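Structural description and commentary
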Amino acid sequence: MLETFTLKEQLNTTRQELAQALYRQDAALRVIARLTKERDDARNQLAAAQAYLATARPTQEEGMEVEEKGISEQIKQKLIAASKKLTAERKQRRLASELATENDLKNYRVVSSHAVHSSSKPGILCVDIHPNQNLVLTGGVDKNVVLFDRSSQTIAATLTGHSKPVTDVLFHPEQQLLVSTSKDKTVRFWTPEQDRYAAAQTLRIHEGEVVGASLHPTGDYLASGSTDSSWAFVDIQAARALAHVRTDEPEAIQCISFHPDGMILGTGTVGSRVRVWDLKTTRNVAQFEGHTAPVTDICFSENGFYMASTADDNTVRLWDLRKLKVFQTFDFQEGSGGPARCSALAFDYSGSYLAVAGASMVRVYGFGVGGPAGTQLDPLTQLTDHTAAVTDVAFGAHARTLVSTSMDRSLKFYAF
């Protein structure tokens, strides 16, 4: 009987182990079936998405195609020819008789001030002046682009569509085309449509905020820079990026500008460097170091010899591009009575004057009429009419006017 009891115990134990094994097997089979179904569903969704992308055309809201095949040989030859022509024309150019004198600029004063953006989200971040018309373009914290008609002293159009603050605005000098960039990672092209402007194209090239754009001297191309450490070379007519170039190390771009000849491109970085890129090869061919904080703006003089840069270290540096070295540095904070973060700078068309925006003021410097000739910049005037940080500045024709924008929500015009 003892033997029979032992056998029954072993049988019960075996039955329990078998039942547990069958339960685990059943659970495993159900998990495998679920995973197999999820895999098949994912494959079907991927196939459907690929089929859609193969035939779909991007809409304005979806953004245009990004092509990264590089700049074609045909376009390179076009850029080279344009550069040679611009260089030859520059050698023949003479200073305009209408160019303002240093004494004129010393008499700059505010002639009008306008609150052109929303008061609920105050602040104007960028400005551009049309070279041939009495129009000014601004971009604000309120996500809007505003076209201002100085002749009538009224807002001609308010362009809406960006979902975050506007970081840069540009006029096309020959076409009815406006350009804006934004923290929403897009570049937008705006064209007139009946009685308003509409976004003709929206480019989603970058993965980070688009901090600025620069128009190529031919008027056919545009460069955009981003905090994702990349810049793009865009065909305006096709609304397509012909090249999308990333820096060799993560270093957010803060500002971007074409050289007047159009064969090189400058970018200012959060790493306190200014990089110069060759468009033919899209390679970084020079680096300018010396700033000790993120570079906030760069600009080239129209004669093509000089570059100005400014940074969060409160300094402005002037570089000789022929010698690849700095020839003047000055501290913008001196005489300001406190910290004076430099936010923007601009040469006038003649290259005789430089305007620098920082803190709540604008300073104007001069080389002496005739442009840089191994001389140093001298301060001409300091404009302290804004009540908050000045964000951008630009000269009008022949330096006879100056415009500035500020976080105080005002667009100010200066003249003498």
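Please read all numbers here as calculations on a predicted model, not as lab measurements. (Residues numbered from 1 in each chain as written. Predicted model: local features only at pLDDT ≥ 70, side-chain atom pairs only at ≥ 80, totals over all residues. Heavy atoms only, no water.)

**Overview of the confidence of the model for the protein chain**
Looking at the protein chain as a whole, its pLDDT mean stands at 88, while 84% of the residues score no less than 70. In the predicted structure, residues 47-67 sits below a pLDDT of 50 and forms 28 contacts with residues beyond four places in sequence or in another chain. (pLDDT = per-residue confidence, 0-100. Contact = heavy atoms within 4.5 Å.)

**Quick look at the pattern of salt bridges**
Enumeration over the complete set of coordinates arrives at 15 salt bridges. A salt bridge links Arg93 to Glu302; its shortest N-O distance comes to 3.3 Å. A residue pair is termed long-range when its members are at least 10 positions apart, and Arg93 in the loop between α2 (73-92) and α3 (102-106) and Glu302 in the loop between β18 (295-300) and β19 (306-311) qualify at 209 residues. By relative accessible area, Glu302 is classed as buried at 19%. Each of Asp248, Glu249, Glu251, Arg273, Arg275 and Glu289 takes part in a single network of salt bridges with overlapping partners. (Salt bridge = Lys/Arg side-chain N within 4 Å of Asp/Glu carboxyl O. Helix = DSSP H or I, 4+ residues; strand = E, 2+ residues; numbered from the N terminus. Buried < 20%, exposed > 50% of the residue type's maximum accessible area, 1.4 Å probe, protein only.)

**Section: the nonpolar core**
Looking at soluble globular proteins, one finds that nonpolar side chains tend to be buried together. If you look at the biggest cluster of nonpolar residues, it comprises 19 residues, and the most contacted ones within it are Leu105, Tyr108, Val364, Phe395, Ala399 and Leu402. If you list the elements that add at least two residues to this core, you get β22 (342-347), β23 (353-358), β24 (361-366), β25 (378-383) and β26 (390-395). In this structure Tyr108 touches Val364, Thr381, Leu383, Phe395, Ala399, Arg400, Thr401, Leu402, Tyr414, Ala415 and Phe416, once residues within four positions along its chain are discounted. In this structure, Ile71, Val211, Phe233 and Leu279 belong to the second largest nonpolar core, which totals 18 residues. (Core = buried A, V, L, I, M, F, W, Y, C linked by side-chain atoms within 4.5 Å.)

**Some points on the sheet that holds strand β1 (residues 109-115)**
Across the sheet, which stays open at both edges, the 4 strands sit in the order β1-β28-β27-β26 with antiparallel pairing between neighbours. The open sheet has two edge strands, β1 and β26, and neither has a second partner. Averaged over all pairs of adjacent strands, the angle between strand axes in this sheet comes to 20 degrees, irrespective of strand direction. Where β1 lies against strand β28 (residues 410-415), 6 bridges are found, and the strand directions are antiparallel. The partner of Ala115 across the bridge, within β28, is Ser410. (Pairing = 2+ DSSP bridges. Axes fitted to C-alpha atoms, helices over the stretch in contact; angles between N-to-C directions.)

**Description of the pairing of strand β16 (residues 273-278)**
Counting buried positions over the 6 residues of β16 gives 6, a clear majority of the element. Alignment of strand β15 (residues 264-269) against β16, held across 5 bridges, turns out to be antiparallel. If you follow Gly268 over to β16, its bridge partner there is Val274. A loop of 3 residues connects β15 with β16, the two strands running antiparallel in sequence, and Ser272 in this loop sits at a positive phi of about 70 degrees. Summarising the sheet, β16 and strand β17 (residues 283-289) pair through 6 bridges and their orientation is antiparallel. Bridge pairing in β17 links Asp278 to Arg283. Hairpin connection from β16 to β17: 4 residues lie between these consecutive antiparallel strands, with Thr282 at a positive phi of about 55 degrees.

**Here's the deal with unusual backbone geometry**
Comment: phi is negative for the bulk of residues other than glycine, and the bulk of peptide bonds are trans. With a phi close to 70 degrees, Asn314 is a non-glycine residue in the positive phi region. Residue placement: Asn314 occurs in the loop between β19 and β20 (315-320). Here Asn314 falls in the buried class, since its relative accessible area comes to 15%. The phi torsion at Ala359 lies on the positive side, around 50 degrees, for a residue other than glycine. Within the secondary structure, Ala359 is located in the loop between β23 and β24. Of the residues examined, Ala359 reaches a relative accessible area of 25% and is grouped as partly exposed.

**Things to note about the side chain of Arg273**
Looking at the secondary structure, you find Arg273 in strand β16. Judged by its relative accessible area of 12%, Arg273 falls in the buried class. Of note is the side chain of Arg273, whose polar atom sits 2.9 Å from the side chain of Gln287. Ignoring sequence-local partners within four residues, the contact set of Arg273 consists of Glu249, Glu251, Thr267, Gly268, Gln287, Phe288, Glu289 and Val295. (Polar contact = N/O pair within 3.5 Å; in protein donor to acceptor, adjacent residues only side chain to side chain.)

**Quick look at α2**
Given 3.6 residues per turn, any residue in an α-helix points the same way as the ones three and four places further on. An ideal rise of 1.5 Å per residue puts 28 Å on 20 residues; α2 measures up with 29 Å between its terminal C-alpha atoms. Turning to α2, its buried residues are Ile75, Lys76, Leu79, Ala82, Ser83 and Arg90. Taken around the axis of α2, the buried residues stretch over an arc of 125 degrees, which confines them to a single face. When the buried face of α2 is taken as reference, the exposed residues oriented beyond 90 degrees from it are Gln74, Lys84, Lys85, Lys91 and Gln92. Packed against the buried residues of α2 are β11 (221-226), β12 (230-235) and β13 (240-246). (Expected span 1.5 Å × (residues − 1). Arc of directions from axis to C-beta.)

**Overview of the sheet that holds strand β14 (residues 253-258)**
Strand order in the open sheet made by the 4 strands is β14-β15-β16-β17, with antiparallel pairing throughout. Edge positions in the sheet fall to β14 and β17, since each of these pairs with one other strand and no more. The average undirected angle you get between the axes of adjacent strands in this sheet is 25 degrees.

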